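In case you want the letters, here they are:
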Amino acid sequence: MSRSVRRSQRPATGLLAASASGNSHTACGDLQEQLQRSLRESLSLRRQGQSLMAVHKAQNAVVCERTLQNRSHEAAGGRGAARVDPCLAFAVHVTLGELYHQTGLLKEAAEVFNSMLCNLQLWCPPGDQVAHDCIQAHIRVSLGNLYFDQQAYLYAVNMYLAALDSGPRLPNLIRC
């Protein structure tokens, strides 16, 4: 008997049980708490210098965030906006990318940051152009730092310049 078959024969527990019983609001609330707890623990472990454990907690937070996004979308009948706070979702993914970078998992870090650039609408409140520009600039600076550490200086400079170009348009900011 395969491992996946044995898993499917187990009774639903935890969040899956709450969801299966029709109480998806409670399940989403529990998942939201788990997401926030995993993010807090990841940041705490990072401050303590336990980078690999911090990566594990950040990966768990990303799984929680994606599951919560999917459940929110399903609860809205597949046509509604997700209920996950865009700022929280951004924090989860940027934390994972920075932890990958810090631990030397440069390919994984680049994948996270490039994915974030391709899906900017997930991280920005709808209609908030300033937030969109700031988030895009932040991600490009993170990619620039990543390229710099790989000694790909031309790519790094291009990312830094793109970050300046995509940043919020402030009247006192003059680019030389």
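Please refer to the structure placed before this passage.
Residues numbered from 1 in each chain as written. Predicted model: local features only at pLDDT ≥ 70, side-chain atom pairs only at ≥ 80, totals over all residues. Heavy atoms only, no water.

At a minimum axis distance of 9 Å, the contact between helix α4 (residues 51-75) and helix α5 (residues 86-102) shows a crossing angle of 150°. Here α4 lies roughly antiparallel to α5, going by the angle between them. By crossing handedness, the relation of α4 to α5 is classed as left-handed. Listed contacts from α5 to Ser51, Ala54, Val55, Ala58, Gln59, Ala61, Val62, Glu65, Arg66 and Gln69 of α4 are Ala89, Val92, His93, Leu96, Leu99, Tyr100 and Gln102. The residue inventory of the contact of α4 with α5, partitioned by class, reads 10 nonpolar, five polar and two charged. (Axes fitted to C-alpha atoms, helices over the stretch in contact; angles between N-to-C directions. Helix = DSSP H or I, 4+ residues; strand = E, 2+ residues; numbered from the N terminus. Parallel < 35°, antiparallel > 145°, perpendicular 65-115°, else oblique. Left-handed = near helix turned anticlockwise from the far one by under 90°. Contact = heavy atoms within 4.5 Å. Nonpolar A, V, L, I, M, F, W, Y, C, P; charged D, E, K, R; others polar.)

With phi around 60°, Gln151 is a residue other than glycine that occupies positive phi space. Note on placement: Gln151 falls in the loop between α7 (129-149) and α8 (153-166). A relative accessible area of 59% places Gln151 in the exposed class. (Buried < 20%, exposed > 50% of the residue type's maximum accessible area, 1.4 Å probe, protein only.)

Take the environment of His132 next. With respect to the helices, strands and loops of the structure, His132 is situated in helix α7. His132 sits 11 residues away from Gln121 along the chain, and the two C-alpha atoms are 7.8 Å apart. Here His132 is in contact with Leu120 and Cys124, once residues within four sequence places are set aside.

This paragraph deals with the packing of aromatic side chains. On inspection of all chains with the given rule, the structure shows two aromatic pairs. Each ring, one from Tyr147 and one from Tyr155, has its centre 5.6 Å from the other, and the planes form 45°; the classification is tilted. Residue Tyr147 is classed as buried on the basis of its relative accessible area of 18%. Residues Phe148 and Tyr153 carry aromatic rings whose centres are separated by 5.2 Å and whose planes lie at 65° to one another, so their mutual orientation is edge-to-face. (Phe/Tyr/Trp six-rings, centres within 6.5 Å; stacked < 30°, edge-to-face > 60°.)

As a further point, take α4. Under the 1.5 Å per step criterion, the end-to-end length of α4 is 36 Å for 25 residues, consistent within 8% with the ideal 36 Å. Every buried residue belonging to α4 is among Ser51, Ala54, Val55, Ala58, Ala61, Val62, Cys64, Glu65, Leu68, Gln69, Arg71 and Ser72, and all of these are buried. (Expected span 1.5 Å × (residues − 1).)

All right, on to the nonpolar core then. Judged by nonpolar contacts, the single largest core of 37 residues is most densely connected at Met116 and Ile139. For this core, the elements supplying multiple residues, two or more each, are α3 (24-47), α4, α5, α6 (106-118), α7 and α8. Element by element, the count of residues in this core is highest for α5, at eight residues. Residues within four places of Met116 in sequence aside, it is in contact with Phe90, His93, Val94, Trp123 and Ile139. (Core = buried A, V, L, I, M, F, W, Y, C linked by side-chain atoms within 4.5 Å.)

Here we come to the pattern of salt bridges. Applying the stated criterion to the full structure yields two salt bridges. A salt bridge links Glu98 to Arg46; its shortest N-O distance comes to 3.3 Å. In this pair, Glu98 sits in helix α5 while Arg46 sits in helix α3, placing the two residues 52 residues apart along the sequence. Residue Arg46 is classed as partly exposed on the basis of its relative accessible area of 28%. (Salt bridge = Lys/Arg side-chain N within 4 Å of Asp/Glu carboxyl O.)

Together, Val157, Leu161 and Leu164 make up an exposed nonpolar region whose accessible area comes to about 230 Å². You can see Leu164 is positioned in helix α8. What makes Leu164 partly exposed here is its relative accessible area of 44%. (Patch = residues over 30% accessible without salt bridge, like charges linked within 9 Å, V, L, I, M, F, W, Y side chains within 5 Å. Areas by Shrake-Rupley, 256 points an atom, 1.4 Å probe, with all protein chains shown as cover.)

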